[in-house]
Amino acid sequence: MSEMDTKKATIDDTGGLQNPGRRKFLGTTAAVGAVGAAGATGTGMLVRSGETSAAPGNSNAHKVGPGQLDEYYGFWSGGHSGEVRIFGVPSMRELLRIPVFNFDSAIGWGITNESKRVLGESGVFLNGDTHHPKVSYTDARYDGRWCFINDKANTRVGRIRLDIMRTDKIVTIPNTASIHGLTLQRVPKTERVFAAGEMIIPTPNDGRHLEDPSEYWTLMTCLDAETMDIKWQVIVDGNMDNCDTDYEGKYVGATCYNSNRGVTQEEMMGPERDWAVIFNVARIEEAVANGDYTTIGDSDVPVVDGRGADKGGSDYTVYIPIPRSPHGFNTAPPDGKYFVVSGKLSPTCSVVEWARVDDWFDGTITDPRDTVVAEPEVGMGPLHTTFDDRGNAYTSLFIDSQVVKWNIADAIRSYDGADVNYIRDRIDVHYQIGHLKASLACSRDVDGKYLASLSKFSKDRFLNVGPLHPENDQLIDISGEKMELVHDGPTYAEPHDALMVRADQLDPVKIYDREDPFFADTVAMAKEDGVTLERDNKVIRDGNKVRVYMTSIAPSFGITEFKVKKGDEVTIVVTNLDMIEDLSHGFALVNHGINFEVNPQQTSSVTFVADKPGVHWYYCSWFCHALHMEMSGRMLVEA
Ligand code: CUK
Ligand code: CUA
């Protein structure tokens with residue numbers, strides 16, 4: 001720990017901040033309005049002193065030696081790289097990159113027919129922006145079926161199959177723009193996926209109301225987790241940011257930082273209070289069943305009207321006032337009794353009791369603010385909150401570049417007037433922390449062992465690699481009274497969120513099942529051609545369409561030479577007959593922009609036009625054998 005350039009934060013008795021100047025900075029509307037986010041960043045960077053944080057006594061053996069396996073799978077979003085990454089935790093070793101909305105040269109995502117079927121029409125986009133990976137639940141425990149992920153850039157939701165670790169569904173969400181918050185039903189299991197549209201637009205967005213923001217809206221979308229069909233949408237006041245569900249399968253809620261529905265920064269930051277909006281899923285689905293909905297433009301998705309913030313809510317929604325542009329929305333495990341909304345421009349977190357949300361919908365509470373049971377002051381720029389198994393919350397402080405640990409029960413006592421200090425600890429992070437997530441903290445199995453801190457700046461922590469610095473995803477041991485930084489994890493652009501699943505909660509396959517639906521359409525095509533993929537090496541001509549079926553067994557392709565005519569549409573289908581774990585091949589066709597993976601027992605295919613007469617070599621791109629270099633063949637294209 002001695003090399004750490006950290007300062008030890010001081011905690012005063014009131015649980016407040018050690019630097020009144022900074023508190024004043026953000027507490028003042030004018031100052032915030034004047035400097036905006038960039039100024040806030042600068043302030044965070046300036047307050048660093050040189051003291052060292054030391055926290056002896058934590059119990060975790062966080063060193064993972066060569067050959068040792070990690071305790072957790074970490075699912076990291078890849079931000080505007082458009083992918084999802086799998087880390088081993090606590091080693092923070094990157095194990096896999098799973099392309100979702102992006103193009104991937106290594107495995108041929110966006111090149112193969114199988115990936116193009118998943119990408120669908122939205123495959124014309126080469127970019128995506130993933131923020132919030134969420135692993136599916138059964139009874140609020142990770143069940144290893146799927147990981148869902150949002151695309152903020154192109155308004156999509158993707159699903160990754162966790163048995164093969166490949167994306168199998170991508171859906172473009174209509175009537176709204178920029179899916180940001182994404183969350184899942186926890187109980188009894190994940191049957192619904194909730195996607196929060198962030199940016200307000202005219203509905204329908206067809207050229208009307210261009211210059212009339214009072215006609216801009218956004219919607220919450222519910223998808224069927226199994227089919228990925230869109231079940232319904234709810235139009236809301238304001239906008240939406242992050243979201244989460246309860247532990248009873250009744251509600252989904254989202255933060256709103258733009259209750260004004262403003263279009264400039266000043267307008268968005270204006271109100272002293274924005275809100276968290278909670279959706280009553282059963283009532284919404286009842287309205288849909290009763291035909292009490294509209295549709296927007298060409299879309300046939302049922303849209304229920306959940307507006308009514310001025311009245312506190314509607315039949316379907318309640319709007320809970322929260323100070324100053326709240327950001328994170330996180331339900332506390334293991335029982336999900338409370339959720340915590342992090343204030344962002346307010347130095348507070350708001351704790352809401354889900355049971356009181358019941359009371360509001362039942363009519364026994366009339367003021368939505370009465371659902372709030374605590375509002376602790378935690379520090380400057382609170383963004384997201386995560387939890388341990390001992391009743392503590394951990395909030396990321398963007399401006400302070402800290403994680404603050406506070407006790408929920410004490411915060412509630414303090415809100416009720418008791419003289420207690422709910423702050424337990426603070427630790428500096430490097431720097432400008434966004435999300436943070438403790439191990440299993442979105443599930444009943446929360447274990448309070450590790451916390452990942454996703455920091456936007458790494459500044460002086462790594463060798464200089466030019467103007468684009470890596471991010472720094474730090475790992476903090478939270479098993480003891482004091483938090484202890486145990487690892488710096490440089491990452492590429494730009495994880496927003498992460499979660500950890502216990503290693504025994506996932507069971508990915510090592511070799512494809514020949515019946516796998518991922519390539520079932522390709523298998524069906526072969527069958528129509530009378531081809532048995534597991535045996536045949538055949539070229540089938542069908543007019544100007546040519547289908548080349550070949551096997552691969554290390555170190556050879558089943559076909560090493562085939563001939564087509566210029567202008568033919570060529571489909572190459574490769575089936576890897578190797579049964580040995582880890583024996584993947586690749587198929588790269590020189591000067592054709594083609595490369596893709598063929599893992600053990602997998603079938604992969606690509607379709608292109610042979611538009612260049614001549615000899616074109618193909619080769620295996622995954623090092624597989626001593627004769628890997630010789631694993632090649634030629635496509636002969638007649639003029
Ligand atoms: S986030 Cu998406 S803007 Cu705080 Cu969940 Cu980074
Ligand atoms: Cu097959 Cu390299």
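Residues numbered from 1 in each chain as written. Chains lettered and ligands numbered in written order. Predicted model: local features only at pLDDT ≥ 70, side-chain atom pairs only at ≥ 80, totals over all residues. Heavy atoms only, no water.

- An unreviewed UniProt entry annotates the protein as Nitrous-oxide reductase originating from Alkalispirillum mobile.
- Of the comments in the UniProt record for the protein, the one headed Subcellular location (unreviewed entry) reads "Periplasm".
- Listed in UniProt under the heading Catalytic activity (unreviewed entry), the comment for the protein reads: "N2 + 2 Fe(III)-[cytochrome c] + H2O = nitrous oxide + 2 Fe(II)-[cytochrome c] + 2 H(+)". (UniProt positions renumbered as here; feature names shortened; annotations may be inferred.)

## With respect to the overall build of the protein
Working step 1: Along its length, the protein carries eight helices and 41 strands.
Working step 2: Over its C-alpha atoms the protein spans a radius of gyration of 26 Å, differing by no more than 12% from the 26 Å that the globule rule assigns to 639 residues.
Working step 3: C-alpha atoms of the protein, sized along the principal axes, occupy 85 × 65 × 45 Å.
Working step 4: Scored against the burial criterion, the 639 residues of the protein give a buried share of 61%.
Working step 5: Relative to all contacts within the protein whose residues are 6 or more apart in sequence, the contacts with residues 24 or more apart total 61%.
Working step 6: A distance of 3 Å separates the average location of the 63 positive side-chain charges in the protein from that of its 93 negative side-chain charges. (Helix = DSSP H or I, 4+ residues; strand = E, 2+ residues; numbered from the N terminus. Rg over C-alpha atoms; globule rule 2.2 N^0.38 Å. Buried < 20%, exposed > 50% of the residue type's maximum accessible area, 1.4 Å probe, protein only. Contact = heavy atoms within 4.5 Å. Lys, Arg positive; Asp, Glu negative; His and termini not counted. Charge placed at Lys NZ, Arg CZ, Asp CG, Glu CD.)

## Examining the pattern of salt bridges
Working step 1: All chains considered together, the criterion is met by 43 salt bridges.
Working step 2: Here Arg97 and Glu83 are joined by a salt bridge, their closest N and O atoms 3.7 Å apart. Remark: Glu83 occurs in strand S2 (residues 83-89) and Arg97 occurs in strand S3 (residues 93-99); sequence separation between them is 14 residues.
Working step 3: Residue classification places Arg97 among the partly exposed residues on the basis of a relative accessible area of 36%.
Working step 4: Residue Asp497 is joined to Lys437 by a salt bridge in which the shortest nitrogen-to-oxygen separation is 3.2 Å. Of this pair, Asp497 sits in the loop between strand S30 (490-491) and strand S31 (498-502) while Lys437 sits in strand S26 (residues 433-438); the two residues are 60 residues apart in sequence, bridging distant segments of the chain.
Working step 5: The network of salt bridges with shared partners includes Glu83, Arg85, Glu94 and Arg97. (Salt bridge = Lys/Arg side-chain N within 4 Å of Asp/Glu carboxyl O.)

## Examining helix H7 (residues 408-415)
Working step 1: Those residues of H7 that sit buried are Ile408, Asp410, Ala411 and Ile412.
Working step 2: With a side-chain oxygen positioned 3.1 Å from the backbone nitrogen of Ala409, the residue opening H7 is Asn407.
Working step 3: At the C-terminal side of H7, Gly417 shows a positive phi close to 110°. (Polar contact = N/O pair within 3.5 Å; in protein donor to acceptor, adjacent residues only side chain to side chain.)

## Points about empty space enclosed by the protein
Working step 1: Enumeration over the complete set of coordinates arrives at six cavities of 30 Å³ or more.
Working step 2: Considered as a void within the structure, the largest cavity measures approximately 100 Å³ in volume.
Working step 3: Contributing to the lining of the largest cavity are 14 residues, with Lys134, Cys243, Phe329, Asn330 and Asp497 lying nearest its centre.
Working step 4: Of all elements in the fold, only strand S13 (243-245), strand S18 (329-331) and S26 reach the threshold of two or more residues within the lining of the largest cavity. (1 Å grid on protein atoms, 1.4 Å probe; cavity = no way out; pocket = protein on both sides within 12 Å on 5 of 7 lines; lining within 4 Å. Points joined across faces, edges and corners; volume = space filled by probe spheres on them.)

## Topic: the environment of Asp224
Working step 1: Among the secondary structure elements, Asp224 is positioned in strand S11 (residues 216-224).
Working step 2: Taking the C-alpha atoms as reference, Asp224 lies 6.3 Å from Val193; in sequence the two are 31 residues apart.
Working step 3: Polar side-chain contacts of Asp224 include one of 3.1 Å to the backbone nitrogen of Thr227.

## Focus: the sheet that holds strand S6 (residues 156-161)
Working step 1: The strand order across the open sheet formed by four strands is S4-S5-S6-S7, and the pairing between neighbours is antiparallel. One side of each edge strand has no neighbouring strand; the edge strands of this open sheet are strand S4 (134-138) and strand S7 (166-172). Within the sheet, the average angular offset between the axes of one strand and its neighbour, ignoring direction, is 30°.
Working step 2: Across four bridges, the pairing between S4 and strand S5 (residues 141-151) is antiparallel. For Lys134, the partnering residue across the bridge sits in S5 and is Phe148. (Pairing = 2+ DSSP bridges. Axes fitted to C-alpha atoms, helices over the stretch in contact; angles between N-to-C directions.)

## Regarding the state of the cysteines
By definition, a disulfide links two cysteine residues through a covalent bond between their sulfur atoms.
Working step 1: Evaluation of the coordinates by the stated rule reveals zero disulfides.
Working step 2: Looking at Cys222, it has no disulfide partner, and the nearest cysteine sulfur is the one in Cys243, 11 Å off.
Working step 3: Overall, Cys222 belongs to the buried group, its relative accessible area being 0%.
Working step 4: Residue Cys349 stays outside any disulfide, its sulfur separated by 15 Å from that of Cys442, the closest cysteine. (Disulfide = S-S within 2.5 Å.)

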